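# A closer look at the structure
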Amino acid sequence: MSAHTDTPGSVTTVYKVTGMSCGHCEGSVSGEISRVPGVSSVKAVASTGEVTVVSQAPLDDEAVRAAVDEAGFELAGKA
C-alpha cells in the first residue's frame, strides 16, 4: 500500500489510472476525485498514469474508483 501520512491529519495515496493521455484527461480525473468527501488535493500526471491524492483520512477505494469511472477512465489500483 502506498498511503502514507505527510502531516498530522493528512494521508497521501498514489493511484494508477489507465487511459489518461493529455492535460484534459488530467483535469477530468482530478475534478472528479476532488469531489470525493475528505479529499484536500489531487494531482494527476498523464505521462505516468499516476494520480496523487491528499486526504484528511484514508479514502474508500470504491469511492475513488467511481470518481475515476465517472471521468471516463479506469482505476488500475494503488501505485
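Residues numbered from 1 in each chain as written. Predicted model: local features only at pLDDT ≥ 70, side-chain atom pairs only at ≥ 80, totals over all residues. Heavy atoms only, no water.

### Re the nonpolar core
If you look at the biggest cluster of nonpolar residues, it comprises 19 residues, and the most contacted ones within it are Val17, Met20, Val29, Ile33, Val51 and Phe73. Looking at this core element by element, the count peaks at four residues for helix α2 (residues 61–71). Dropping the residues within four chain positions of it, Ile33 is found in contact with Val39, Val42, Val51, Val53, Val64, Ala67 and Val68. (Core = buried A, V, L, I, M, F, W, Y, C linked by side-chain atoms within 4.5 Å. Buried < 20%, exposed > 50% of the residue type's maximum accessible area, 1.4 Å probe, protein only. Helix = DSSP H or I, 4+ residues; strand = E, 2+ residues; numbered from the N terminus. Contact = heavy atoms within 4.5 Å.)

### Structural notes on the pattern of salt bridges
Evaluation of the coordinates by the stated rule reveals three salt bridges. Arg35 is paired through a salt bridge with Glu32; the nearest N and O atoms lie 2.9 Å apart. Here Lys78 and Asp61 are joined by a salt bridge, their closest N and O atoms 3.6 Å apart. Here the residue Lys78 occupies a position in strand β5 (residues 74–78), and Asp61 occupies one in helix α2, the gap between them amounting to 17 residues. Residue classification places Asp61 among the partly exposed positions, given a relative accessible area of 30%. (Salt bridge = Lys/Arg side-chain N within 4 Å of Asp/Glu carboxyl O.)

### Overview of α2
By the burial criterion, the buried members of α2 are Val64, Ala67, Val68 and Ala71. Buried residues in α2, looked at end-on, bunch into an arc of 95 degrees, giving them a common side. Tucked into the core, α2 has its buried residues touching β2 (11–18), α1 (23–33) and β5. Note on α2: the residue one or two positions beyond its end, Gly72, has a positive phi of about 95 degrees. (Arc of directions from axis to C-beta.)

### A few points about the side chain of Ser30
Relative to the elements of secondary structure, Ser30 occurs in helix α1. Those residues in contact with Ser30 that sit more than four places away from it in its chain are Val42, Lys43 and Ala44.

The quantities given are spatial measurements derived from coordinates; they are silent on function.
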